[in-house]
Amino acid sequence: MKKKLVFSTNNAHKLEEIKNILGDKVEILSLADIDCHADIPETADTLEGNARQKAMYVYTHYGMDCFADDTGLEVDALEGAPGVHSARYASEKGHDSQANMEKLLREMEEKNDRKAQFRTIISLIEKGEEKQFEGVVRGEILRERKGNAGFGYDPVFRPEGYDKTFAELGNEIKNKISHRARAVAALCEYLSKE
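Residues numbered from 1 in each chain as written. Predicted model: local features only at pLDDT ≥ 70, side-chain atom pairs only at ≥ 80, totals over all residues. Heavy atoms only, no water.

### Here's the deal with unusual backbone geometry
- Going from Ala81 to Pro82, the amide bond is cis rather than trans, its omega being 0°.
- For Pro82, the position within the fold is in strand 4 (residues 82-83).
- Of note in this structure, Asp35 is not a glycine but carries a positive phi near 65°.
- With respect to the helices and strands, Asp35 occurs in the loop between strand 2 (27-29) and helix 2 (47-62).
- The exposure class assigned to Asp35 is exposed, which follows from its relative accessible area of 56%.
- Located in the positive-phi region is Glu79, a residue other than glycine, with phi close to 55°.
- With respect to the helices, strands and loops of the structure, Glu79 is situated in the loop between strand 3 (66-75) and strand 4.
- Take Glu79: its relative accessible area is 80%, and that puts it in the exposed class. (Helix = DSSP H or I, 4+ residues; strand = E, 2+ residues; numbered from the N terminus. Buried < 20%, exposed > 50% of the residue type's maximum accessible area, 1.4 Å probe, protein only.)

Have a look at this one:
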């Protein structure tokens with residue numbers, strides 16, 4: 001019987017990306033599939049803490065094995081910012097990718113060090129036990145947006161080894177090389193050994 005895991009996210013882009021990466025190895029249930037409509041807290045000050053908090057919420061309230069992720073864009077010249085605040089960088093009110101990119105580009109205007117990394121942490125809770133997996137992709141922040149695919153900071157982030165941004169590369173390539181793909185690959189490797 002195929003393993004079932006809840007992916008603790010309300011982000012449709014992330015859900016689709018994870019399902020594409022995992023393929024048919026695991027049945028992924030969304031929060032809507034388990035009738036969870038709560039605003040799950042993300043109040044930790046690290047990506048690791050937020051991923052744990054989201055996964056534990058589902059496990060505690062619904063009794064289902066679950067995983068959650070948290071991703072941050074960490075820019076060297078900004079001492080790791082926006083980091084854990086990446087989704088709400090421009091405003092605490094919610095996710096506004098355009099406003100987040102505008103703020104980032106403004107703050108980077110005078111900076112010559114453009115190095116950055118996307119980092120994803122996945123927290124898997126099975127039978128109350130937690131395992132964490134990390135995926136990192138290094139790259140740089142461009143001075144202007146390029147491309148229309150993807151979401152978040154994809155139009156301003158060019159991964160190492162490529163001459164295009166995540167948004168220009170498109171979802172098929174991004175899903176193979178991204179931080180989330182690397183974290184999910186580590187998760188898959190672990191799940192396949194079980």
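Read on, since the account is not over.
### Things to note about the packing of aromatic side chains
- Summed over all chains, the structure comprises five aromatic pairs.
- Here Phe118 and Phe166 contribute two aromatic rings whose centre-to-centre distance is 6.1 Å and whose plane-to-plane angle is 20°, an arrangement assigned as stacked. One end of the pair, Phe118, is in strand 5 (residues 115-126); the other, Phe166, is in helix 4 (residues 166-169), with 48 residues separating them in the sequence.
- Ring geometry for Phe157 and Phe166: centres 5.3 Å apart, planes at 45°, overall tilted.
- Judged by relative accessible area, Phe157 falls into the buried class, the value being 0%.
- Three or more aromatic residues joined by ring pairs form one cluster here, namely Phe118, Phe157 and Phe166.
- Across from the ring centre of Tyr89, 4.4 Å away, lies the NZ or CZ of Lys103, which sits over that ring. (Phe/Tyr/Trp six-rings, centres within 6.5 Å; stacked < 30°, edge-to-face > 60°. Lys NZ or Arg CZ within 6 Å of the ring centre and 35° of its normal.)

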